[in-house]
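Notes for the structure review
Single-letter residue listing:
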Amino acid sequence: MDFTLSEEQALFRDSVERTVADLFPFARRQAAVATEEGYREDDWRRLAGLGCMAAPFPEACGGLGGGPEELMLIAERFGRHLANLPFLASVVLGGHAVLFGGTEAQREAILPGVADGSVKLALAHGERRARFDLAPVSTVARAEDGGYVVSGRKDVVLYGRAADRLVVSARLPDGRDGGGGTGLLLVPGDAEGVGRSSYATHDGGRACNVLLDDVRVGTDALLGAGGDALDVLERVIDHGIAFLCADAAGSMWRVYETTLEYLKTRSQFGRTLGSFQALQHRMVDVYTSCELARSMVFEATLNLGADAATRSRAASAAKAAIGEAARGVCEEGVQLHGGVGMTMDVPVGHHLKRAMVMNATFGDARHHLARYARLGRAA
Amino acid sequence: MDIGYDDDLERFRAHVGSVIRDILPDDLRDKVRREHAGLTPSDMRRWTRILHDRGGWSVPGWPAEHGGPGWSYERQYVFERELALNEAPPLNVFSAGMVGPALIEFGARDQKRRFLPGLANGDILLCQGYSEPNAGSDLASLQCRADRDGDDYVVNGVKMWTSDAPHADWMFGLFRTDSSGKKQHGITLLLIDMASPGLTMAPIRTFEGGDELNQTYFDDVRVPAANRIGEEHKGWGIGKYILGMERFGSAEVGRSMGMMRRLKRIAAAEPAAGGRLIDDPHFALELARAEIALREVELTERRMLFGPGGPDAMGFEASLLKVRGTEVQQKIMGLMVEALGSCGAIDAGDMRPGGDNAEPLGPDAAAHAGRVFYNLRKSTIWGGSTEVQKNIIAKAVLGL
Ligand SMILES: Cc1cc2nc3c(=O)[nH]c(=O)nc-3n(C[C@H](O)[C@H](O)[C@H](O)COP(=O)(O)OP(=O)(O)OC[C@H]3O[C@@H](n4cnc5c(N)ncnc54)[C@H](O)[C@@H]3O)c2cc1C
């Protein structure tokens, strides 16, 4: 057992913390959220300069050779400071789809740009009709003229409009490379027939619905050698889940700290709020939730390299537990701040919004409890 | 025993229900269906006027001599429930349920004549000036001063969290007129014209983007002593009387019942696992749990209101209705957001389309559910927070 960071990782975490804290003081963060794309390209480049985007990729692809642990360290800092960036979308989802699903040539062609931040990807997979299930995909790729013609609609694609290239899941035509199944195709964001209507998410992030109207791409757009990419998708999204869990845990700790501070300074009835035993116990519960969440972040992160069943079960356990805990902690944070907690200029409500969006992304607690139970029957 | 309506009450229910459906403007019903999103103070003015013109229905609890219909408690209860179930806006609580009754009980004859008609027909909108930066849960520690000067009071200080202040014509507020004794003593209830010189307001945005909150500043604001309700220094009792009425209404059982119906409609339309969300056993159990929790509050409210002694016998145990009622309401709103799946993340209220497809972004409810969910976090904070209500129950009911 080893719960300590390596010296290198600790240094990395500290420098990420310094930079993220510097880039996202609350007022500056709110100003960034109000811009067209919801983040500043300069901030993105600062973090790229620090090696954040390169951290999880192999050196052969322009990366720094890290992995899930580095992603966890980054996510916790993002959650703590409510940082909004297309990082999950591009590096974790898009980048790992290429990493796990692409051929060696595709990885080496695409990932260096992702790793240095000059290229952004997004994963266009979710469709409303499927709710949170990964398998049903109704977007289709027809074979035509030595390429594919892609049609369909994808919902709530995180930072889809900021992306240079979309990784689109689609049903493949029968008869090629063993045929059928779900494939992942790289589609340029500005390809003819791609419609992207961007909107804000409650946490101040951006997403879009992607309309694919007979979009033509070459055969080389298909990631990997063909065949079913569902396993890849599942693995990629488990990485996304671990990232979201770490982000939520970082956010929870921040809510805990600021609420604790508030209870120590705000007085009513001639005493600090923190002196009321009813509230002390509530804060102990909040603190306990934070500690448990930290453990479950490890559960999700450190099982990402395990076999598929173990990995997915750990991811679902963490998503269900942290999803509920993050919402609960943030609701407590708002409540214990009283009227102040309801205001735009105080971060605690924004942490609650982040927790709600986290729950709406890749499946809520109910979905993951069911997935966990299903995977457990086989175990 | 009978937990339902008897024949007479059922006939009354059917009658008022059909009238409400007749007089309710479509645009107001649509806003209520959007969980009150976009329902403005001027909508409330209009709705109050419509109900008023129907025979004083805007003030169902007032006696006939003051323009009310003179209904029994049971009929008032049934009427308010019918408003919610027919997706009509609620009554204006400040006017109909709080200040009106206080004026009828404690007001001078001249005050009744000046204010009651306007409160009943919507010409006068009120805002509540109780809370201050340092007087929230501990309301009695309020500091905003009203010093007597001839026939006037001169008011100086700050009120915090004043909902809808810029739309209000008058504020009913508690002010410090004496700080020599116990803090509950020396508080006076005044009605203040919002157009008074020296009164200014600054908006405070709520975190979901709403604009209902304000801070109100008083700089030598002159208020005629004739606008005082009750005796000088004795406003605390009346203020608490008014707050007690607020606590009762704020269980909002009717509104939650309307929400529950709409939640079921959404769950029946949302896709899940090749079928409908409402058929998903996990979601269905959660719906059932919320529905039962709401029924518990509904029946407990009925039992407390119409048990032996009637509503007048109801004491501090009513606090539990506010605690549980708001909890259930928040739960239902949370389920509405969850029902939307990944579209629950969309903040359509702040949408920037700027893209090139004009299709709706997601299910209709995505346009309001999230914002209303966030906004309703307030319901366990205002009107006496959940914690304060529990303190009241512990002390006044349990004797701890
Ligand atoms: C949206 C909104 C609208 C409002 N509109 C109005 C309005 O129109 N007019 C008006 O006058 N006021 C209004 N209020 C103010 C509201 O009544 C106060 O917010 C409320 O009384 C709580 O006070 P506070 O915000 O100062 O919180 P605090 O009193 O500082 O309380 C902070 C937290 O500590 C808890 N707490 C406090 N004391 C104790 C204790 N002894 N034991 C255990 N827990 C305790 C509280 O429950 C709360 O969770 C509004 C508030 C909101 C959020």
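Calculation criteria
- Residues numbered from 1 in each chain as written.
- Chains lettered and ligands numbered in written order.
- Predicted model: local features only at pLDDT ≥ 70, side-chain atom pairs only at ≥ 80, totals over all residues.
- Heavy atoms only, no water.
- Helix = DSSP H or I, 4+ residues; strand = E, 2+ residues; numbered from the N terminus.
- Rg over C-alpha atoms; globule rule 2.2 N^0.38 Å.
- Buried < 20%, exposed > 50% of the residue type's maximum accessible area, 1.4 Å probe, protein only.
- Contact = heavy atoms within 4.5 Å.
- Areas by Shrake-Rupley, 256 points an atom, 1.4 Å probe, with all protein chains shown as cover.
- 1 Å grid on protein atoms, 1.4 Å probe; cavity = no way out; pocket = protein on both sides within 12 Å on 5 of 7 lines; lining within 4 Å.
- Points joined across faces, edges and corners; volume = space filled by probe spheres on them.
- Nonpolar A, V, L, I, M, F, W, Y, C, P; charged D, E, K, R; others polar.
- Near = heavy atom within 4 Å.
- Polar contact = N/O pair within 3.5 Å; in protein donor to acceptor, adjacent residues only side chain to side chain.
- Salt bridge = Lys/Arg side-chain N within 4 Å of Asp/Glu carboxyl O.
- Domains from an automatic or database assignment.
- Buried area = accessible area lost by both parts, 1.4 Å probe.
- Bend = angle between axes of the 7 residues up to and from the residue.
- Core = buried A, V, L, I, M, F, W, Y, C linked by side-chain atoms within 4.5 Å.
- Phe/Tyr/Trp six-rings, centres within 6.5 Å; stacked < 30°, edge-to-face > 60°.
- Lys NZ or Arg CZ within 6 Å of the ring centre and 35° of its normal.

Points about the overall build of chain B
Regarding its fold elements, chain B presents 12 helices and 10 strands. Relative to the 2.2 N^0.38 estimate, which gives 21 Å for 400 residues, the radius of gyration of chain B is 22 Å and therefore close to what a compact globule would have. Across its three principal axes, chain B shows a C-alpha extent of roughly 75 × 60 × 50 Å. Here chain B, with 400 residues, has 54% of them falling under the buried criterion. Counting only contacts in chain B whose residues sit at least 6 apart along the sequence, the fraction spanning at least 24 positions is 72%. Here chain B has roughly 17,300 Å² of accessible surface; of this, 51% comes from carbon and sulfur atoms.

Thoughts on empty space enclosed by the protein
All names here are of chain A. Evaluated as defined, the whole model comprises 7 cavities of 30 Å³ or more. Taken as a whole, the largest cavity spans an internal volume of roughly 290 Å³. Leu88, Tyr159, Asp203, Leu244 and Arg354 are the residues nearest the centre of the largest cavity, which is lined by 20 residues in total. Broken down by secondary-structure element, the contributors of at least two residues to the lining of the largest cavity are helix 5 (87-101), helix 7 (230-265) and helix 10 (348-360). Taken together, the residues of the lining of the largest cavity sort by class into 12 nonpolar, 4 polar and 4 charged.

Points about the site of the ligand
If you check the shell around the ligand, you find 28 residues, and the closest are Arg266 and Gln335 of chain A together with Ser137, Ser385 and Glu387 of chain B. The environment of the ligand is shared, with nearby residues belonging to chains A and B. Between the ligand and Ser131 of chain B, the relevant distance is 2.8 Å, taken from an oxygen atom to a main-chain nitrogen or oxygen of the residue. One nitrogen or oxygen atom from the side chain of Ser163 of chain B is found 2.8 Å from a nitrogen atom belonging to the ligand. Protein burial of the ligand: of its 970 Å² of free accessible surface, 95% is covered by the chains. Sorting the residues of the shell around the ligand by element identifies helix 9 (308-336) of chain A together with helix 12 (386-397) of chain B as the ones contributing at least two each. Class assignment of the residues belonging to the shell around the ligand gives a composition of 11 nonpolar, 13 polar and 4 charged.

Quick notes on the interface of chain B and chain A
At the interface, 60 residues of chain B touch 52 residues of chain A. At the junction of chain B with chain A, the criterion picks out 6 salt bridges. Between Glu387 of chain B and Arg282 of chain A there is a salt bridge; the shortest N-O distance is 2.8 Å. If you look at where chain B meets chain A, you find 21 residue pairs in polar contact (both at pLDDT 80 or more).

Observations concerning the domain arrangement of chain A
All names here are of chain A. Per the domain assignment, the segments of chain A are domain 1 (7-119), domain 2 (123-227) and domain 3 (231-378). Once you take the C-alpha centre of each, domain 1 and domain 2 turn out to be 23 Å apart. With 24 residues of domain 1 at the interface, the matching set in domain 2 holds 19 residues. Roughly 1,600 Å² is buried in total at the junction of domain 1 and domain 2, and carbon and sulfur atoms are behind 56% of that figure.

Considerations on helix 5 (residues 93-106) of chain B
Of all the bends in helix 5 of chain B, the greatest reaches close to 40° and is centred on Val99 of chain B; the proline Pro101 of chain B follows between one and four positions later. Those residues of helix 5 of chain B lying buried are Phe94, Ser95, Ala96, Met98, Val99, Gly100, Pro101, Ala102 and Leu103 of chain B.

A short note on the domain arrangement of chain B
Note on interface size: it is often stated as the accessible area lost on association of the parts. Residues and elements named next belong to chain B. Split by domain assignment, chain B resolves into domain 1 (7-121), domain 2 (126-235) and domain 3 (250-397). Its C-alpha centre places domain 2 at a distance of 32 Å from the equivalent point of domain 3. When the two sides are added together, the surface that domain 2 and domain 3 hide from each other amounts to roughly 520 Å², 53% of it contributed by carbon and sulfur. Looking only at domain 2, the three residues that lose the most surface to domain 3 are Phe207, Glu208 and Glu212, adding up to 74% of its buried area. The interface formed by domain 2 and domain 3 contains 1 salt bridge. Residue Lys378 pairs with Glu212 through a salt bridge whose shortest N-O separation is 2.8 Å. Put simply, domain 2 and domain 3 have 4 residue pairs in polar contact (both at pLDDT 80 or more) between them. Among the residues making up the side of domain 2 that touches domain 3, the classes are represented as 1 nonpolar, 4 polar and 2 charged.

Digging into the nonpolar core
A general tendency of soluble globular proteins is for nonpolar side chains to be buried together. Membership of the largest hydrophobic core comes to 154 residues, with the highest contact counts inside it found for Phe78, Phe87 and Ile322 of chain A together with Phe79 and Leu263 of chain B. If you tally residues by element for this core, the top one is helix 7 of chain A, at 18 residues. Contacts of Ile322 of chain A, omitting those with residues within four sequence positions, involve Cys245, Ala248, Met252, Ala293, Met296, Val297 and Met358 of chain A. If you look at the next biggest cluster of nonpolar residues, it comprises 29 residues, including Trp62, Val99, Leu119 and Ala140 of chain B.

A few points about the layout of surface pockets
Its boundaries defined by the atoms lining it, the second largest pocket holds a volume of some 920 Å³. Around the second largest pocket sit 37 residues that line it, and Arg327 and Glu331 of chain A together with Glu327, Gln330 and Lys331 of chain B are the ones nearest its centre. Those elements that provide at least two residues to the lining of the second largest pocket are helix 9, helix 10 and helix 11 (365-378) of chain A together with helix 9 (281-306), helix 10 (319-339) and helix 12 of chain B. The element that contributes the greatest number of residues to the lining of the second largest pocket is helix 10 of chain B, accounting for 12 residues. A breakdown of the residues in the lining of the second largest pocket according to their chemical character gives 11 nonpolar, 10 polar and 16 charged.

A few points about the packing of aromatic side chains
Overall, the coordinates contain 21 aromatic pairs over all chains when judged by the stated rule. Over the ring of Tyr372 of chain A we find Arg313 of chain A, and its NZ or CZ is 4.0 Å from the ring centre. Stacked on the ring of Phe175 of chain B, the Lys or Arg Lys159 of chain B has its end atom at 5.1 Å from the ring centre.

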